[in-house]
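Observations on chain architecture
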Amino acid sequence: GDSVTQTEGQVTVSESKSLIINCTYSTTSIAYPNLFWYVRYPGEGLQLLLKVITAGQKGSSRGFEATYNKETTSFHLQKASVQESDSAVYYCALGDTGGADRLTFGKGTQLIIQP
Amino acid sequence: GGIITQTPKFLIGQEGQKLTLKCQQNFNHDTMYWYRQDSGKGLRLIYYSITENDLQKGDLSEGYDASREKKSSFSLTVTSAQKNEMAVFLCASSIHRDYAEQFFGPGTRLTVL
């Protein structure tokens with residue numbers, strides 16, 4: 001089956017510092033899955049942050065970046081300088097294809113920004 | 001834009017009870033999904049539907065039924081609630097296309113006494 005492993009639990013970062021949330025994936029159903037980062041801000045629903053569907057490509061949104069690395073089967077989320085408004089829970093997800101993406105999610109990483 | 005509405009927001013049931021959760025979307029999306037999230041775990045797909053009256057099983061379909069009678073609505077039934085069960089059920093929708101963004105509802109929190 002498919003699985004996603006990401007940095008577990010909470011990550012605390014001081015404002016303006018850099019961030020990396022690790023994500024690695026394993027899949028038996030498809031050679032090159034689609035990769036996503038979803039985010040849940042406090043009081044809001046889960047929403048797409050960024051996606052990459054081609055190996056070797058980088059996705060970016062709201063200052064966050066993630067590169068699809070098929071050699072290391074990784075899709076780490078990075079930001080050079082975090083802000084207090086980035087406090088949220090981040091989920092890495094893997095999707096197969098076929099018209100309806102059956103998403104496999106990681107357990108989520110809660111990001112806490114210290115002022 | 002659009003919105004996904006889930007009802008009820010909180011659902012409390014008894015062991016063995018049949019419980020139904022409802023989801024409505026006004027995006028005019030083809031595909032709808034039901035996920036379950038347990039504390040400290042990722043979302044797991046229960047059922048999805050790519051069009052009206054279509055149902056596809058996810059990884060966690062045992063113990064659940066689903067129904068898609070209209071394009072805009074997708075309901076999920078817990079066939080026999082398990083004692084001490086606690087989870088959040090999330091509904092989502094998307095257009096019917098590879099790697100389409102899924103839009104999520106606010107969730108229904110289930111507690112079984």
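Refer to the structure above for everything that follows.
All figures in this text were calculated on a predicted structure; none of them were measured in a lab. (Residues numbered from 1 in each chain as written. Chains lettered and ligands numbered in written order. Predicted model: local features only at pLDDT ≥ 70, side-chain atom pairs only at ≥ 80, totals over all residues. Heavy atoms only, no water.)

1. A closer look at the overall build of chain A
Short version of the rule: Helix numbering and strand numbering both begin at the N terminus, where a helix is a DSSP run of H or I of at least 4 residues and a strand a DSSP run of E of at least 2. With the radius of gyration taken over C-alpha atoms, the globule rule is written as 2.2 Å times the number of residues to the power 0.38. Note on classification: 1.4 Å probe, protein chains only; a residue is buried when its accessible area is under 20% of the maximum for its type, exposed when over 50%, partly exposed between these limits. The contact criterion used throughout is that any non-hydrogen atoms of two residues lie within 4.5 Å. In short, Shrake-Rupley with a 1.4 Å probe defines the accessible areas, and a residue's cover is counted only from the protein chains shown. This count recognises Lys and Arg as positive and Asp and Glu as negative, with His and chain-terminal groups excluded. Where a charge lies is defined by one atom per residue type: Lys uses NZ, Arg uses CZ, Asp uses CG and Glu uses CD.
Counting its secondary structure elements, chain A contains zero helices and twelve strands. Listed by position from the N terminus, the elements making up chain A come as β-β-β-β-β-β-β-β-β-β-β-β. Over its C-alpha trace chain A gives a radius of gyration of 14 Å, about what one expects of a compact globule, namely 13 Å for 115 residues. The principal-axis extent of the C-alpha atoms belonging to chain A is close to 45 × 30 × 20 Å. Counting the 115 residues in chain A, one finds 45% classified as buried. Contacts in chain A between residues at least 24 apart in sequence constitute 56% of all its contacts with a sequence separation of at least 6. Carbon and sulfur atoms make up 45% of the accessible area of chain A, which amounts to about 5300 Å² in all. Put simply, chain A has 9 plus and 10 minus side-chain charges, and the middle of one group is 2 Å from the middle of the other.

2. Some points on the pairing of strand 11 (residues 108–112) of chain B
All names here are of chain B. Threshold: Strands are labelled as partners when DSSP assigns at least two bridges between them.
Along strand 11, the buried face is formed by Thr-108, Leu-110 and Val-112; none of Arg-109 and Thr-111, which line the opposite face, is buried. Alignment of strand 2 (residues 10–13) against strand 11, held across four bridges, turns out to be parallel. Paired with Gly-13 across the bridge in strand 11 is Val-112. Here four bridges tie strand 9 (residues 86–94) to strand 11, and the two strands are oriented antiparallel to one another. Bridging from a neighbouring strand, Phe-89 pairs with Thr-108 of strand 11.

3. Remarks on the sheet that holds strand 3 (residues 19–21) of chain A
Residues and elements named next belong to chain A. The cut-off we apply is this: For helices, the fitted line uses only the C-alpha atoms of the stretch in contact; every axis is such a line through C-alpha atoms, and the angle between N-to-C directions lies from 0 to 180 degrees.
Reading across from one edge, 3-9-8-7 is the order of the four strands in this open sheet, with antiparallel pairing throughout. Only two strands of the sheet have a single partner each, and these edge strands are strand 3 and strand 7 (58–61). With strand direction ignored, the average angle separating the axes of adjacent strands in the sheet is 20°. Sheet topology places strand 8 (residues 64–67) next to strand 9 (residues 77–79); three bridges connect them, and they run antiparallel. Residue pairing across strands places Glu-65 opposite Gln-78, the latter belonging to strand 9.

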